[in-house]
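Residue-level structure breakdown
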Amino acid sequence: MDIPSILEQNDNFLEKRTVVILGQDPRRQSKERVEEITIGTPYALHLNYCREKHRSTRLYFDLIRVLLNEGYRVYLTDVFKIWVSESNNGNHNIPLIEQDQKRFIKILKAELEIFEPLAVITWGQVATTTVNSIGLSGNHFEFPHPSPANHKTWSNLIGKPATRANRINFWQEKVLAFLNKL
């Protein structure tokens, strides 16, 4: 289970504009039993190792840091707040029933109303489809998920190898251009 999180620079400026980064769910491999609950933050950014060294989540944090360095507050959340693994093989998820999916989408709507973000940036197709389906009244910017599984998508998008540096530079150029127009 991932708890939504707010990140911002500690600069004593309280009137920051909020940007939401919305993912799909707290998907991960786990050998834990179904009956056990692990609580974390989106992309495990509460862990120093994940922010600074982990192959995937370090990139996620570097993308988020672009926004933080520009003075934005970043609210991280997922469409679906939980990920449930199968009891006999923790590497596969059990899909949420439709009733639970609807509950999480209702929660997401409330989150967006509360935070009144300047923009919502979606990482991945499920997040994008969800935001489009709820009729978000605001600024939505669709982006492929920065996961290593999307390496080819990123290469095609940026027109060159999807190195960490190329992804960060592309993100900075596109996202900041989008936000500067708002």
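Residues numbered from 1 in each chain as written. Predicted model: local features only at pLDDT ≥ 70, side-chain atom pairs only at ≥ 80, totals over all residues. Heavy atoms only, no water.

Looking at helix H3 (residues 98-115)
What counts, and what does not: Each helix is a run of DSSP H or I of at least 4 residues and each strand a run of E of at least 2, with the numbering of both proceeding from the N terminus. Under the convention used throughout, the expected extent of a helix is 1.5 Å for every residue step, that is, one less than its residue count. Exposure categories follow from relative accessible area, calculated using a 1.4 Å probe and restricted to protein chains: below 20% of the type maximum is buried, above 50% is exposed, and the middle band is partly exposed. Taken from the helix axis, the directions to the C-beta atoms give the arc we talk about. Throughout, a residue-residue contact means that at least one pair of heavy atoms, one from each residue, lies within 4.5 Å.
Between its first and last C-alpha, H3 extends 26 Å over 18 residues, near the 26 Å set by a 1.5 Å rise per residue. Buried within H3 we find Phe104, Leu108, Glu111 and Leu112. Down the axis of H3, the smallest arc covering the buried residues is 95°, so these residues share one side. Opposite the buried face of H3, by more than 90 degrees, sit the exposed residues Lys102, Lys106, Glu113 and Ile114. Looking at the buried positions of H3, the neighbouring elements they touch are strand S2 (18-23), strand S3 (73-78), strand S4 (119-123) and helix H4 (125-133).

What about the packing of aromatic side chains?
Aromatic ring pairs: the centre-centre distance and the angle between the two ring planes describe each pair. This is how it is decided: Think of it this way: a Phe, Tyr or Trp ring, Trp meaning its six-membered ring, pairs with another when their centres are within 6.5 Å, and the plane angle makes it stacked under 30 degrees, edge-to-face over 60, tilted otherwise.
Applying the stated criterion to the full structure yields 10 aromatic pairs. Aromatic side chains Phe141 and Phe143 sit 5.5 Å apart centroid to centroid with 45° between the ring planes, which places their arrangement in the tilted category. When sorted by exposure, Phe141 lands in the same class as Phe143, which is buried. Taking 4.9 Å as the distance between ring centres and 80° as the angle between the ring planes, the aromatic pair formed by Phe143 and Trp171 counts as edge-to-face. In this pair, Phe143 sits in strand S5 (residues 140-143) while Trp171 sits in helix H6 (residues 164-180), placing the two residues 28 residues apart along the sequence. Grouping aromatic residues by their ring pairs yields a cluster made of Tyr43, Tyr60, Trp123, Phe141, Phe143, Trp154, Phe170, Trp171 and Phe178.

Side note on the sheet that holds S5
Whenever strands of a sheet pair, they do so through backbone hydrogen bonds, lying parallel or antiparallel. Our working rule: Two strands qualify as a pair provided DSSP detects at least 2 bridges between them. Working convention: axes come from line fits to C-alpha atoms, limited for helices to the stretch in contact. Angles between N-to-C directions cover 0 to 180 degrees.
The mixed open sheet is built from 5 strands, whose spatial order is S1-S3-S2-S4-S5. The strands lining the two open edges of the sheet, one partner per strand, are strand S1 (5-7) and S5. For this sheet, the mean inter-axis angle between neighbouring strands, taken without regard to orientation, is 20°. Along the sheet face, H3 touches S1, S2, S3 and S4 and points at about 170° away from the line of S3.

Focus on unusual backbone geometry
The phi angle at Tyr43 is positive, at roughly 65°, despite the residue not being glycine. If you trace the backbone, Tyr43 turns up in the loop between S2 and helix H1 (48-52). Of the residues examined, Tyr43 reaches a relative accessible area of 12% and is grouped as buried.

By themselves, these are just geometric observations and shouldn't be taken as functional.
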